[in-house]
Amino acid sequence: GPKVLQIPSHQIIDMGQMVTLNCDPVSNHLYFYWYKQILGQQMEFLVNFYNGKVMEKSKLFKDQFSVERPDGSYFTLKIQPTALEDSAVYFCASSQGRQNTLYFGAGTRLSVL
Amino acid sequence: AQSVTQPDARVTVSEGASLQLRCKYSSSVTPYLFWYVQYPRQGLQLLLKYYSGDPVVQGVNGFEAEFSKSNSSFHLRKASVHWSDSAVYFCAVSISTGANTGKLTFGHGTILRVHP
């Protein structure tokens, strides 16, 4: 089936540094999402993105977070600066439409030291 | 706001046995309902979804789920499990109104272990 690729699978970073998580969504998809899963907790919605804009974001999407998809390339989540509580697995997803199936990547494990 | 509860954190069954994974939801409007599975080191994969109509929906690999509006439930079933079904199973909901942005609300997941 369609694949969403997330690069890298694991990233280790010092607190206060900037990190960019990359997502290669399914090629004809138009809606893009980031979810966050802290170890032992449920996966929680961060943000969704359509037509170059954030459609909806949760309270977990702090001011230090930003998303973009420049020129139809990777869909990225940038955290600047990082904090210890940002350590989690971040899942990217994409869908063709709002009510279509979401396809998920395998996640990027972010460890903030 | 909607929420999802998966009351069983872990379920262990023997190969060939039947399976039910429970999911209860809370929503102010009729939701769309989903079951996803996550195998080790892979992304979540959709097993099945319910939008409307027949409350029993069929999914991949012999899975099915039954929607119950009266019980606010969407339990997942399989008649005979295989060891390869060992994975984490997530129930999820999204709202079904025009304001739907595709956002999913997930349960905590149920870890299924199938003894060979």
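Further up the page is the structure itself.
Described in the following lines is the structure provided in the data block.

Conventions adopted
- Residues numbered from 1 in each chain as written.
- Chains lettered and ligands numbered in written order.
- Predicted model: local features only at pLDDT ≥ 70, side-chain atom pairs only at ≥ 80, totals over all residues.
- Heavy atoms only, no water.
- Helix = DSSP H or I, 4+ residues; strand = E, 2+ residues; numbered from the N terminus.
- Rg over C-alpha atoms; globule rule 2.2 N^0.38 Å.
- Buried < 20%, exposed > 50% of the residue type's maximum accessible area, 1.4 Å probe, protein only.
- Contact = heavy atoms within 4.5 Å.
- Areas by Shrake-Rupley, 256 points an atom, 1.4 Å probe, with all protein chains shown as cover.
- Lys, Arg positive; Asp, Glu negative; His and termini not counted.
- Charge placed at Lys NZ, Arg CZ, Asp CG, Glu CD.
- Phe/Tyr/Trp six-rings, centres within 6.5 Å; stacked < 30°, edge-to-face > 60°.
- Patch = residues over 30% accessible without salt bridge, like charges linked within 9 Å, V, L, I, M, F, W, Y side chains within 5 Å.
- Salt bridge = Lys/Arg side-chain N within 4 Å of Asp/Glu carboxyl O.
- Pairing = 2+ DSSP bridges.
- Buried area = accessible area lost by both parts, 1.4 Å probe.
- Polar contact = N/O pair within 3.5 Å; in protein donor to acceptor, adjacent residues only side chain to side chain.
- Nonpolar A, V, L, I, M, F, W, Y, C, P; charged D, E, K, R; others polar.

1. Thoughts on the overall build of chain A
Scanning chain A from terminus to terminus reveals zero helices and 11 strands. Listing every helix and strand of chain A by position from the N terminus yields β-β-β-β-β-β-β-β-β-β-β. In terms of C-alpha radius of gyration, chain A reaches 13 Å, essentially the compact-globule figure of 13 Å for 113 residues. For chain A, the C-alpha atoms occupy an extent of roughly 35 × 25 × 25 Å along the three principal directions. Put simply, chain A has 113 residues, and 46% of those count as buried. Intrachain contacts of chain A at a sequence separation of at least 6 include 55% that bridge at least 24 residues. Split by element, the accessible area of chain A, about 5,700 Å² in all, is 48% carbon and sulfur. Of note, chain A has its 10 positive side-chain charges centred 6 Å away from the centre of its 9 negative side-chain charges.

2. Some words on the packing of aromatic side chains
Under the counting rule described, the total for this entry stands at 19 aromatic pairs over all chains. Arranged with centres 5.7 Å apart and planes meeting at 75°, the rings of Y35 of chain A and F45 of chain A form a pair that is edge-to-face. Here F45 of chain A lies in strand β5 (residues 44-50) and Y35 of chain A lies in strand β4 (residues 31-37), a separation of 10 residues in the sequence. Taken together, a centroid distance of 6.1 Å and an interplanar angle of 90° make the contact between F90 of chain B and F106 of chain B edge-to-face. A residue pair is termed long-range when its members are at least 10 positions apart, and F90 of chain B in strand β10 (residues 87-95) and F106 of chain B in strand β11 (residues 105-106) qualify at 16 residues. Both residues of the pair, F90 of chain B and F106 of chain B, count as buried. Here the aromatic cluster, defined as three or more aromatic residues joined through ring pairs, consists of Y35, F45 and F104 of chain A together with Y32, F34, Y36, Y51, F90 and F106 of chain B.

3. Considerations on a nonpolar patch on the surface
Taken together, L30, Y50 and M55 of chain A make up a surface patch of nonpolar side chains, about 250 Å² in accessible area. Looking at the secondary structure, you find Y50 of chain A in strand β5.

4. Description of the pairing of β5 of chain A
All names here are of chain A. Where burial is concerned, most of β5 is hidden: five out of the seven residues are buried. As paired strands, β4 and β5 are joined by six bridges and run antiparallel to one another. Residue pairing across strands places Y33 opposite N48, the latter belonging to β5. Linking two consecutive strands that pair antiparallel, namely β4 and β5, is a turn of six residues; a positive phi of about 85° is found at G40 within it.

5. Remarks on the pairing of strand β2 (residues 10-14) of chain B
Residues and elements named next belong to chain B. Burial along β2 is one-sided: the residues V11 and V13 are buried and none of R10, T12 and S14 is. In terms of strand pairing, β2 meets strand β12 (residues 110-115) through five bridges, oriented parallel. The partner of V13 across the bridge, within β12, is V114.

6. Re the interface of chain A and chain B
Each side of the interface is counted separately: chain A has 20 residues, and chain B has 21 residues. Summed over both sides, the interface between chain A and chain B buries roughly 1,700 Å², with carbon and sulfur atoms accounting for 50% of that surface. Area buried by chain A at its contact with chain B is led by Q42, Q99 and F104 of chain A, which between them contribute 32% of it. One salt bridge in this structure joins E56 of chain A and K103 of chain B, with 3.1 Å as the shortest N-O distance. The tally of links between chain A and chain B comes to six residue pairs in polar contact (both at pLDDT 80 or more). Contributing elements (two or more residues each) for the side of chain A that touches chain B: β4, β5 and β6 (53-57) of chain A. Looking at the side of chain A that touches chain B element by element, the count peaks at three residues for β4 of chain A. In the side of chain A that touches chain B, the residues fall into nine nonpolar, nine polar and two charged.

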